[in-house]
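Below are the chains, spelled out letter by letter.
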Amino acid sequence: MNYVATIGEREVRVTVEELGGANYKVAIDGHEHVVDAHRVMNRLWSVLYGYASFEVDVNPVPGDEYEVLIDGDCHKFSLMNEQRRAMIRAGGKGAAGKAMVTSPMPGKVVKLLVAEGEEVRADQGVVVVEAMKMENELKSAIGGKVKEIFVKEGEVVESGAKLLLVE
């Protein structure tokens, strides 16, 4: 899955590919790294990188923001999948029209946060997908009405699968 991380004023392209087990290939601006990451508890991860072991506390904060604590150092950044970022840049958070919410990566639909016919606002959470052992709340890029829901809770979806349409 492709993301854009914003750290201060700097944008960084991040690609995450599941290699199997707890191994992931993470490319940061084209520089590839292989990590072994295990979720220990809710927000706490054990990460092996090279010959080093790290305890990583991942704390999502409102919006697309994260605070990550590694060895006592706090790193703050925003993280957005490229599709959502492109939609926001093209029409803004309050844009009119249609917005298809798709799965950013293979995973399982854990919870539908809205129902067909329900009014939603831009940046409102609409569905939760579990992927790579993390729950990801996906948001609507626009305000409008949930026109159609294409999945059910518990359903396994592929990367790019249509989840719901907001109009």
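Description of the structure in this document. Computed from a predicted model, the values in this text were never measured in an experiment.

## Some points on the sheet that holds strand 4 (residues 31-39)
Ordered by their spatial adjacency, eight strands build a closed barrel running 1-2-3-4-5-6-7-8, and the pairing between neighbours is antiparallel. Here the average twist between neighbouring strands, direction ignored, is 35°. As judged from the six bridges shared by strand 7 (residues 65-70) and strand 8 (residues 73-81), these two strands associate in the antiparallel manner. Within strand 8, the position partnered with I70 by the bridge is D73.

## As for the environment of V120
Structurally, V120 is set in strand 11 (residues 119-120). Between the C-alpha atoms of V120 and D36, which are 84 residues apart in sequence, the distance is 38 Å. Beyond its immediate sequence surroundings of up to four residues, V120 is in contact with V114, V126, S140, I142, G143, G144, V146 and V166.

## Regarding the pairing of strand 1 (residues 2-7)
Strand direction decides the pairing type here: strand 1 and strand 2 (residues 10-20), joined by six bridges, are antiparallel. Across the sheet, residue Y3 finds its bridge partner in strand 2, namely V14. Between the antiparallel neighbours strand 1 and strand 2 lie two residues, among them G8 with a positive phi of about 65°. Pairing geometry for strand 1 and strand 8, over four bridges, is antiparallel. Bridge assignment links A5 to a residue of strand 8, and that residue is L79.

## Remarks on the packing of aromatic side chains
On inspection of all chains with the given rule, the structure shows one aromatic pair. Ring centres of Y66 and F77 lie 5.9 Å apart, and the angle between their planes is 20°; this geometry places the pair in the stacked category. You can see Y66 sitting in strand 7 and its partner F77 sitting in strand 8, a full eleven residues away along the chain. Positioned above the aromatic ring of F150, the side-chain terminus of K162 is 5.9 Å from the ring centre.

## Some words on the sheet that holds strand 9 (residues 99-102)
The antiparallel open sheet is built from four strands, whose spatial order is 9-16-14-11. Two strands close off the open sheet at either side, each with one partner strand: strand 9 and strand 11. The sheet contact formed by strand 9 and strand 16 (residues 162-166) spans four bridges and is antiparallel. If you follow T102 over to strand 16, its bridge partner there is K162.

## Quick notes on the nonpolar core
Membership of the largest hydrophobic core comes to 19 residues, with the highest contact counts inside it found for V101, V109, V126, V127, L163 and L164. Broken down by secondary-structure element, the contributors of at least two residues to this core are strand 9, strand 10 (107-112), strand 12 (125-131), strand 14 (144-149) and strand 16. If you look at the next biggest cluster of nonpolar residues, it comprises 16 residues, including Y3, V12, V14 and A37.

## Points about the pairing of strand 7
By the bridge criterion, six bridges tie strand 6 (residues 52-61) to strand 7 in an arrangement that is antiparallel. What sits directly across from V56, in strand 7, is I70. Adjacent in sequence and paired antiparallel, strand 6 and strand 7 are bridged by three residues, among which G63 carries a positive phi angle near 85°. In this antiparallel pair of consecutive strands, strand 7 and strand 8, the connection spans two residues, and D71 shows a positive phi of 50°.

Reading the values: rules and limits
- Residues numbered from 1 in each chain as written.
- Predicted model: local features only at pLDDT ≥ 70, side-chain atom pairs only at ≥ 80, totals over all residues.
- Heavy atoms only, no water.
- Pairing = 2+ DSSP bridges.
- Helix = DSSP H or I, 4+ residues; strand = E, 2+ residues; numbered from the N terminus.
- Axes fitted to C-alpha atoms, helices over the stretch in contact; angles between N-to-C directions.
- Contact = heavy atoms within 4.5 Å.
- Phe/Tyr/Trp six-rings, centres within 6.5 Å; stacked < 30°, edge-to-face > 60°.
- Lys NZ or Arg CZ within 6 Å of the ring centre and 35° of its normal.
- Core = buried A, V, L, I, M, F, W, Y, C linked by side-chain atoms within 4.5 Å.
- Buried < 20%, exposed > 50% of the residue type's maximum accessible area, 1.4 Å probe, protein only.

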